[in-house]
Amino acid sequence: MSASTGMSTAARQVPPRPRIDDSVQHRHPQDELYLRRALETGLTGTAPIVEQYEQRISERYGIKHVLAVSSGSAAVAVALEGVDWEVGDEVIVPPSCPICTVLPLMARGLKPVFCDVRPHNFGLDPEDLARVVSPRTRAIIEVPMWGYPSRADELQGIARSLGVPLILDLAHCHVTRLQGRWLAEFGDIACFSTHEGKFMSTGEGGFVMTNDPARDAKMRAYTRFGNLDGKKVGLNYKLGGLQAAVGLARLDAIDWHLEVRARNRAYLLERIDNPLVRELPIVEGGVINGYALLMQVTRGDGRRFVEHLDAHGIPSDVKKYDNQPLYNYELLAPYRRDCKNARELLRSLTTIPLHPQLSDEDLQHIAATVNAYDG
Ligand SMILES: *Cc1c(COP(=O)(O)O)cnc(C)c1O
């Protein structure tokens, strides 16, 4: 309702354009080549093509053990196998992440404990962390969103001093950097999704990485029925050979994605001069991957900004998923704990696409629409 006033003013200034598509075309010229190789060498989750895929990711990140799994939520479930816990133990999570991160731990009988994030960043707030950590805390999960790094370096130090393992859910943060390193290097375990909607796609899929051989062995066993030795529980969470083949081809496109997305971001930021909005601050020493551009209102209600963009055909993940603190969901209400920074952060921003299919006209339209926002 309130958005309509802003919309009518802006509608006069911004010429109409067809709705911008936020789905990314991931097809790669080498897809068929690798798929054929998979067809010739085997399609199971233990086929050579899967090992090759894991090896390539391991080389890219400089992290020793990489385990390809069937989805991003499988990656979280498997990461939990890399740490020790019993049913009823606690795992610390931010309330600003997708519910996909929290469901795998609930499915295992672990209790999510919500910890607030820092102001204007999706990383966990150290002061609040000190409040929520307990003798039953078995893991801390950090979930930086839309490609923007968190202060995972500081969090790593805190987690170590607490003696609690740090899991990074980097589904949004493929090749995001911090202090000249991969963000993934700051966790005991890092997990990724390669779902079609993510930075890199194998359709469905994910992977988990760690430098710790003991964690790797436990996680790997879990993805293959506990190695079928009848001593421990496990399921089949392996990634199939066809997806690994596509993943191998698409790893080659990562640098191109980084480059084009950085260029699109620079193009937009050069043209955006509306004092009512700014890019979400990037932590010092951090480099985003360009998964999306996060724009934050400097005052007023961010929902009005989201509605304004939507009315002009610019899609937003925040609009699509109605991002709000997870404890607002019925399923998570029992774990409710008001987290002011997370609540305000989610309410202050929107995602703007940066993907390589955007044309100059699309980018000009986005900049003009953002500039026409009048609060
Ligand atoms: C998408 C996502 C997941 C789940 O990944 P799937 O591949 O869809 O299972 C988990 N965590 C985060 C942060 C995500 O964005």
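Right above here is the structure, for reference.
Fair warning: this is a prediction, and the values are worked out from it, not measured in the lab.

## A short note on the site of the ligand
Residues in close proximity to the ligand total 14 residues, the closest being G72, S73, D169, S193 and K198. Between the ligand and H172, the relevant distance is 3.0 Å, taken from an oxygen atom to a side-chain nitrogen or oxygen of the residue. When residues of the shell around the ligand are traced back to their parent elements, those giving at least two are α4 (72-81) and α5 (99-107). A per-class count over the shell around the ligand returns 4 nonpolar, 8 polar and 2 charged.

## Details of the nonpolar core
Core analysis: the biggest nonpolar cluster contains 113 residues, and Y53 and M209 have the highest contact counts within it. Here this core takes 6 residues from α4, the largest share from any one element. Once residues within four sequence positions are removed from consideration, Y53 is found in contact with A68, T194, M200, T202, F207, L239, A244, G247, L248 and L251.

## Some points on unusual backbone geometry
Backbone geometry at W146 places phi at a positive 55°, although glycine is not the residue there. Position of W146 relative to the elements: it lies in the loop between β4 (137-142) and α7 (152-162). A residue is classified by how much of its surface remains accessible, and W146, at 2% relative accessible area, is buried. For V175, which is not glycine, the phi torsion reads 50° and is therefore positive. Positionally, V175 belongs in the loop between β5 (166-169) and β6 (177-178).

## Section: the sheet that holds strand β12 (residues 293-297)
Strands sit in the order β10-β12-β13 across an open sheet of 3 strands; the sheet is antiparallel. The open sheet has two edge strands, β10 (277-279) and β13 (349-352), and neither has a second partner. Taken pair by pair, the neighbouring strands of this sheet meet at an average axis angle of 30°, ignoring direction. The pairing of β10 with β12 spans 3 bridges and is antiparallel. Residue pairing for β12: E279 is matched across the bridge by M295.

## A word on the packing of α4 against helix α8 (residues 213-222)
Contact pair α4 / α8: the axes reach a minimum separation of 8 Å and the direction vectors enclose 130°. Put simply, α4 runs oblique to α8. Considering only the axes of α4 and α8, their crossing is right-handed. Each of A77, V78, A79 and E81 in α4 lies in contact with α8, whose residues at this interface are K218, M219 and Y222. Across the contact of α4 with α8, the residue classes tally to 5 nonpolar, no polar and 2 charged.

## Some remarks on the sheet that holds β5
Overall, mixed pairing links the 7 strands, which are arranged β1-β9-β8-β5-β4-β2-β3 in an open sheet. Either end of the sheet is taken by a strand with one partner, and the two such strands are β1 (65-69) and β3 (111-114). Averaged over all pairs of adjacent strands, the angle between strand axes in this sheet comes to 25°, irrespective of strand direction. Relative to the sheet, α5 contacts β2 (90-93), β3, β4 and β5, its axis offset from that of β3 by approximately 140°. Contacting β1, β8 (189-193) and β9 (206-210), α8 runs over the sheet at an angle of about 20° to β1.

## Looking at the side chain of Q156
As for its position among the elements, Q156 is in helix α7. Take Q156: its relative accessible area is 14%, and that puts it in the buried class. Setting aside residues up to four positions removed in sequence, Q156 forms contacts with L166, E185, F186 and G187.

## Examining helix α3 (residues 48-61)
An ideal rise of 1.5 Å per residue puts 20 Å on 14 residues; α3 measures up with 20 Å between its terminal C-alpha atoms. Within α3, the full set of buried residues consists of I49, V50, Y53, E54, I57, S58 and Y61. Immediately downstream of α3, the backbone of G62 shows phi near 65°, a positive value.

## Here's the deal with the pattern of salt bridges
Counting across every chain of the model gives 34 salt bridges. Of the charged contacts in the structure, one is a salt bridge between E259 and R263, with a shortest N-O distance of 3.7 Å. In this pair, E259 and R263 both sit in helix α10 (residues 254-271), 4 residues apart, roughly one turn of the helix.

Cut-offs used in this document
- Residues numbered from 1 in each chain as written.
- Predicted model: local features only at pLDDT ≥ 70, side-chain atom pairs only at ≥ 80, totals over all residues.
- Heavy atoms only, no water.
- Near = heavy atom within 4 Å.
- Polar contact = N/O pair within 3.5 Å; in protein donor to acceptor, adjacent residues only side chain to side chain.
- Helix = DSSP H or I, 4+ residues; strand = E, 2+ residues; numbered from the N terminus.
- Nonpolar A, V, L, I, M, F, W, Y, C, P; charged D, E, K, R; others polar.
- Core = buried A, V, L, I, M, F, W, Y, C linked by side-chain atoms within 4.5 Å.
- Buried < 20%, exposed > 50% of the residue type's maximum accessible area, 1.4 Å probe, protein only.
- Contact = heavy atoms within 4.5 Å.
- Pairing = 2+ DSSP bridges.
- Axes fitted to C-alpha atoms, helices over the stretch in contact; angles between N-to-C directions.
- Parallel < 35°, antiparallel > 145°, perpendicular 65-115°, else oblique.
- Left-handed = near helix turned anticlockwise from the far one by under 90°.
- Expected span 1.5 Å × (residues − 1).
- Salt bridge = Lys/Arg side-chain N within 4 Å of Asp/Glu carboxyl O.

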